[in-house]
Amino acid sequence: ELQLFQLNDRYVLMSLLGKGGFSEVWKAYDIQDLKEVAVKIHQLDPRWSESKKDNYTKHVSREYEIHKDVRHPRIVALFDVFEIDNNSFA
C-alpha cells in the first residue's frame, strides 16, 4: 500500500530525489497551488550541541534570505519555509 506524507498542510511528498549529509530533496505536489514542487528537508542531528544546531540553522536561514528574492530561469525559486518538528525544517 502506498503511503503519502503531507507537510505543512500543503505538500504531498511523492518521491525522494536526492540525499546529502543533513538534508533530503523530495519531489512533492503542492495541493494549494496545484503544481509539482521540490521540498528540501533539513534534519538537525540530535547528538549535536545546541551551539552547532544554532549555527547550522543560522547558515540555512541566511541562504533562505538570499534565495527568496532570486528569480532566474536556471535557478529554482524558493516559495515557502516551515518547521516540521524540533529537529527538522523545510
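Before any of the text, the structure's been laid out above.
Parameters and conventions
Residues numbered from 1 in each chain as written. Predicted model: local features only at pLDDT ≥ 70, side-chain atom pairs only at ≥ 80, totals over all residues. Heavy atoms only, no water. Pairing = 2+ DSSP bridges. Helix = DSSP H or I, 4+ residues; strand = E, 2+ residues; numbered from the N terminus. 1 Å grid on protein atoms, 1.4 Å probe; cavity = no way out; pocket = protein on both sides within 12 Å on 5 of 7 lines; lining within 4 Å. Points joined across faces, edges and corners; volume = space filled by probe spheres on them. Nonpolar A, V, L, I, M, F, W, Y, C, P; charged D, E, K, R; others polar.

A. Broad picture of the sheet that holds strand 6 (residues 88-89). Spatially, 1-2-3-4-6-5 is the arrangement adopted by the six strands of the open sheet, whose pairing is antiparallel. A strand with exactly one partner marks an edge of an open sheet, and here the two such strands are strand 1 (5-7) and strand 5 (83-85). Two strands pair when backbone bridges link them, and strand 2 (residues 11-19) and strand 3 (residues 23-30) are joined in this way by seven bridges, in the antiparallel orientation. Residue pairing across strands places Val12 opposite Tyr29, the latter belonging to strand 3.

B. Structural detail: the layout of surface pockets. In this structure, the largest pocket occupies an estimated 450 Å³ of space. Ala38, Val39, Lys40, Ala77 and Leu78 are, among the 19 residues lining the largest pocket, the residues nearest its centre. Looking at the lining of the largest pocket, the elements that each hand over two or more residues are strand 4 (35-43) and helix 1 (50-67). Here the lining of the largest pocket takes seven residues from strand 4, the largest share from any one element. The residue inventory of the lining of the largest pocket, partitioned by class, reads twelve nonpolar, two polar and five charged.

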